[in-house]
Amino acid sequence: MLKRLSLTHWRQIKTLALMRGAAPMARGLRWLTLGVLVALPSAAQTAADLARERCANRLTRSIQGQRPKAALLAEADPQANVEGLFDRVFVERFAAFVNGKFHDRYSNRPEENTPHARIVRVFNLDLPWKDVFIGQWVIGPNVATPTVPSDTAIGYFTDAGWMRRYAGNEEAGYRLSSAYRILQNTIGLKLTAATNNASGENDSVGRERPECRGCHWDGTFPLDKVARVLSRKQGSGSSMKFVPPTDGPQALLGKVITTERELLEALVHSDAFLFNSCRLAFEYLSGREETTCEAPVFDACMDTLRRTGSMRQALIAIARRPEYCR
Amino acid sequence: MSAPGPRRGLVAAVVLVLFGCDGVLVGPAGQPLSGDPSVVTPGAVDPAAPGPAEASPWGTPSVGLCVDQPSGLTYVGFSGNALEADRENLEASADRARLKSYDSLDEIRNEFDYGATLGTTITNDALATFEAHPTYEVPETQGGPLMIFSAFRYGYLGCLKALRTTVPSTAFGRHVDFKSSPTLESARRQCQRFAVRYWKREADAEEVEACAAFAVTETAGEPTPDRQWALLCGVMAAAADNLTY
């Protein structure tokens, strides 16, 4: 019988039932006004109903940035059908969220925000999440052709707008900004740039000084070595172009890497990449990183992303967990 | 680019602004925060009673530590480091309140059918106050005094309109309690009602008493019962439980 009630009626009844101390006669009159007769929900049912409403709120506002629709509020278990929330509204929002995380500042220019466009296509075409970073295709010319295969493309890292945005100003054309941005976007590396060293030299010799070389030459992620497997910048402004690297193999990430594709493949096929991706997913859904008590939820995300390659499924794995609506 | 999520203290901040400024919020050890020191919320903590060690000054900790840590997996980074090592030691439900977007003001507007009387002014105002997100990023909504005041203002105006309407379908206008000034009894009843409506949960006894005390003492200066009730309703609508999810 409850299923035949409109949601509005149900919510009115629910509100009435929750009125502590409301006169039974008043309740009865209101019910007659509604023209229906239903059993008064027990206190436990009412508490559960409110919990469901809070859950629907959390899900919809986190995933779509909107208040929940009536259909979801009417669900006995909003988490059971959470897939439906991961629609095009979500795709646009998630793409903007991740895009914002991948840049150092905001830009209104579409050509400087190609991660956004690629994420939209990955979701709409059900492509693997890693395609955002290493997909061998470029953005297509129209809706009918959303992607165009390209042997030379390496995700958005080879999009002209992105390359220009992070070309940097290194004197010899090494793209240090791009190198850092690649590491930050894929595995979440966080470095703090120093504007100068003690000698005031910012060239490759200056960057070998002790206060600089920790990030530029030594360790697992030496920026100068990463930049040496990327194309180099020549010229500036409208005459800027990029030429192939000439420095040969570099010792990076605990292995020897020669090309940008090798670099990106190594990064994307790592636990660090999956971990950073699930951190993004967690922050999107919860507004913060996972906590120690949420390790099992995070593990579910990692396992799903590893098995399916789908960021949508990874997000669903988090949103479906009981902890999410607790 | 957007600030990370934790908004600890938001609840306290919002409640402080909306309840506390006029002296009815019970502060540390049950003392009124300001105003008449004789106004002590019924059911408040006995100032003389010893509190638990390291208890929050607000009585209830806003975050809790993860006591029974689950055995999660370890993930190794390129440097051989454990990637999960930087996790905060908090329970699963800790620090979860996120501010709603400007949409929440729009929600209040819709709930009370603002459009018919106040038109688009409210929406534009709400957009400016809550800041709709730009095309290429979704920053976490940040709170501030203007946002809180706007939420209260729209809540108050909406409640007042609802209380004065003769349309039967509107939420609050027909209850017999609203025909006269709040009493402790009627305020307790309506506080619970507002809590369920706006907070999507039942208020606990302490919250009900604080709310009822506010209704009786702090709205007394309003000239008519509907304005008194609208003030209470607006405060409840602009409280943290409604502004966050």
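Being a predicted model, the structure only gives us computed values, none of them experimental.

About the criteria used
- Residues numbered from 1 in each chain as written.
- Chains lettered and ligands numbered in written order.
- Predicted model: local features only at pLDDT ≥ 70, side-chain atom pairs only at ≥ 80, totals over all residues.
- Heavy atoms only, no water.
- Core = buried A, V, L, I, M, F, W, Y, C linked by side-chain atoms within 4.5 Å.
- Buried < 20%, exposed > 50% of the residue type's maximum accessible area, 1.4 Å probe, protein only.
- Contact = heavy atoms within 4.5 Å.
- Phe/Tyr/Trp six-rings, centres within 6.5 Å; stacked < 30°, edge-to-face > 60°.
- Helix = DSSP H or I, 4+ residues; strand = E, 2+ residues; numbered from the N terminus.
- Lys NZ or Arg CZ within 6 Å of the ring centre and 35° of its normal.
- Buried area = accessible area lost by both parts, 1.4 Å probe.
- Salt bridge = Lys/Arg side-chain N within 4 Å of Asp/Glu carboxyl O.
- Polar contact = N/O pair within 3.5 Å; in protein donor to acceptor, adjacent residues only side chain to side chain.
- Disulfide = S-S within 2.5 Å.
- pLDDT = per-residue confidence, 0-100.

1. Some words on the nonpolar core
With 79 residues, the main nonpolar core has Phe94, Trp129, Phe133, Leu263 and Leu315 of chain A as its most contacted residues. Residues contacting Trp129 of chain A, with those up to four places away along its chain left out, are Phe94, Val98, Ile119, Val122, Phe123, Phe273, Ser277, Leu305, Gly309 and Met311 of chain A. Listed in part, the 33 residues of the second largest apolar core include Met147, Phe194, Tyr198 and Ala239 of chain B.

2. Quick look at the packing of aromatic side chains
All names here are of chain A. Scanning the model with the defined rule gives 28 aromatic pairs over all chains in all. Between the aromatic rings of Phe275 and Phe298, the centroid separation amounts to 4.7 Å while the plane-to-plane angle is 55°, which identifies the pairing as tilted. One end of the pair, Phe275, is in helix H13 (residues 271-286); the other, Phe298, is in helix H14 (residues 295-308), and 23 residues separate them in sequence. Residue Phe275 is classed as buried on the basis of its relative accessible area, which comes to 4%. Of the residues examined, Phe298 reaches a relative accessible area of 0% and is grouped as buried. Directly above the ring of Trp137 sits Arg118, whose terminal nitrogen or CZ lies 4.5 Å from the centroid. The ring centre of Tyr174 lies 3.7 Å from the NZ or CZ of Arg228, which sits over that ring.

3. What about the interface of chain A and chain B?
Taken together, the contact pairs 64 residues of chain A with 54 residues of chain B. Both sides together, the interface formed by chain A and chain B hides about 5100 Å², and carbon and sulfur atoms give 55% of it. The interface formed by chain A and chain B includes three salt bridges. Counting every contact that joins chain A to chain B gives 21 residue pairs in polar contact (both at pLDDT 80 or more). Where the side of chain A that touches chain B is concerned, the elements lending two or more residues are helix H1 (7-18), helix H3 (43-63), helix H5 (88-102), helix H12 (260-268), H13 and H14 of chain A. The leading source of residues in the side of chain A that touches chain B is H13 of chain A, at eight residues.

4. Some thoughts on the state of the cysteines
Residue and element names in this part refer to chain A. In this structure the tally under the stated criterion is five disulfides over all chains. Linked covalently through their sulfurs, Cys278 and Cys301 form a disulfide whose S-S length is 2.1 Å. Of note, the bridge from Cys278 to Cys301 carries an S-S torsion of about -95° and is left-handed in sense. Here Cys278 is found in helix H13, whereas its partner Cys301 is found in helix H14, with 23 residues between them in sequence.

5. Here we look at the confidence of the model for chain B
Residues and elements named next belong to chain B. In the predicted model, chain B carries a mean pLDDT of 69, and 58% of its residues have values of at least 70. In this model, residues 1-58 is a region of pLDDT below 50 whose contacts with residues beyond four sequence positions or in other chains number 99 contacts. Low confidence marks residues 112-122, where pLDDT is under 50. Its contacts with residues over four positions away, or in another chain, come to 20 contacts. Taken over the whole predicted complex, pTM reads 0.78, whereas the ipTM for its chain interfaces reads 0.82.

6. Observations concerning the environment of Gly237 of chain A
Residue position: Gly237 of chain A is located in the loop between strand E3 (232-234) and strand E4 (241-243). Residue classification places Gly237 of chain A among the partly exposed residues on the basis of a relative accessible area of 43%.

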